[in-house]
Amino acid sequence: MVNPFEEITARLSSIEAVLQELRKESNRAQRADGTRPGEAVAHYVSKRQAARLLDCSPSTIDNHARAGRLTRLYIGKAVRFDRAQVLSLARAIIPLPSKQK
């Protein structure tokens, strides 16, 4: 008769091996945005960082938010803005120079 604890230990060992292989594969994988799984991605910026991106003052960021051009995200007492939204606003405010012939 087989010892049930030996069978459980063998099954756990095989599960552990599969999990370790999955971890190795996920560490090698990269997401489409170039980051690895588990890596923090900076999707949101503070008011000060948004002001630097737009080359303006933090109060101007508040004005854009009040006008509905930027959406505020509250995390506790901190206010954050979507980085992509800030960059698209920057493109709208500061158009790229056109090529002149």
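Everything here concerns the structure above.
My aim in this report is to walk through the structure given alongside it, one point at a time.

Calculation notes
Residues numbered from 1 in each chain as written. Predicted model: local features only at pLDDT ≥ 70, side-chain atom pairs only at ≥ 80, totals over all residues. Heavy atoms only, no water. Helix = DSSP H or I, 4+ residues; strand = E, 2+ residues; numbered from the N terminus. Buried < 20%, exposed > 50% of the residue type's maximum accessible area, 1.4 Å probe, protein only. Areas by Shrake-Rupley, 256 points an atom, 1.4 Å probe, with all protein chains shown as cover. Core = buried A, V, L, I, M, F, W, Y, C linked by side-chain atoms within 4.5 Å. Contact = heavy atoms within 4.5 Å. Axes fitted to C-alpha atoms, helices over the stretch in contact; angles between N-to-C directions. Parallel < 35°, antiparallel > 145°, perpendicular 65-115°, else oblique. Left-handed = near helix turned anticlockwise from the far one by under 90°. Nonpolar A, V, L, I, M, F, W, Y, C, P; charged D, E, K, R; others polar. Arc of directions from axis to C-beta.

When helices and strands are tallied, the protein chain shows four helices and three strands. Listed by position from the N terminus, the elements making up the protein chain come as α-β-α-α-β-β-α. Considering the protein chain as a whole, with its 101 residues, one finds that 15% of them fall into the buried category. Entry remark: accessible area of the protein chain is about 8500 Å², with carbon and sulfur atoms responsible for 55%.

Our next topic: the nonpolar core. Among the nonpolar cores identified, the biggest contains eleven residues, and these are Val45, Ala50, Ala51, Leu54, Ile61, Ala65, Leu70, Phe81, Val86, Leu89 and Ala90. Contributing elements (two or more residues each) for this core: helix H2 (47–54), helix H3 (58–66) and helix H4 (83–93).

With respect to the element layout, Asp62 can be found in helix H3. Asp62 gets classed as buried once you look at its relative accessible area, which sits at 17%. Discounting chain neighbours no more than four positions away, the residues touching Asp62 are Lys47 and Arg72.

Here H2 crosses H4 at 30°, and the two axes come no closer than 9 Å. By the angle class used here, H2 and H4 are roughly parallel. The handedness of the crossing between H2 and H4 is right-handed. For the pair H2 and H4, the contacting residues are Ala50, Leu53 and Leu54 in the first and Arg83, Val86, Leu87, Leu89 and Ala90 in the second. Class assignment of the residues belonging to the contact of H2 with H4 gives a composition of seven nonpolar, no polar and one charged.

Our next topic: H4. What H4 keeps buried is the set Val86, Leu89 and Ala90. What you see down the axis of H4 is that its buried residues fit within an arc of 105°, all on one side. Of the exposed residues in H4, those oriented more than 90 degrees away from the buried face are Ala84, Arg91 and Ala92.

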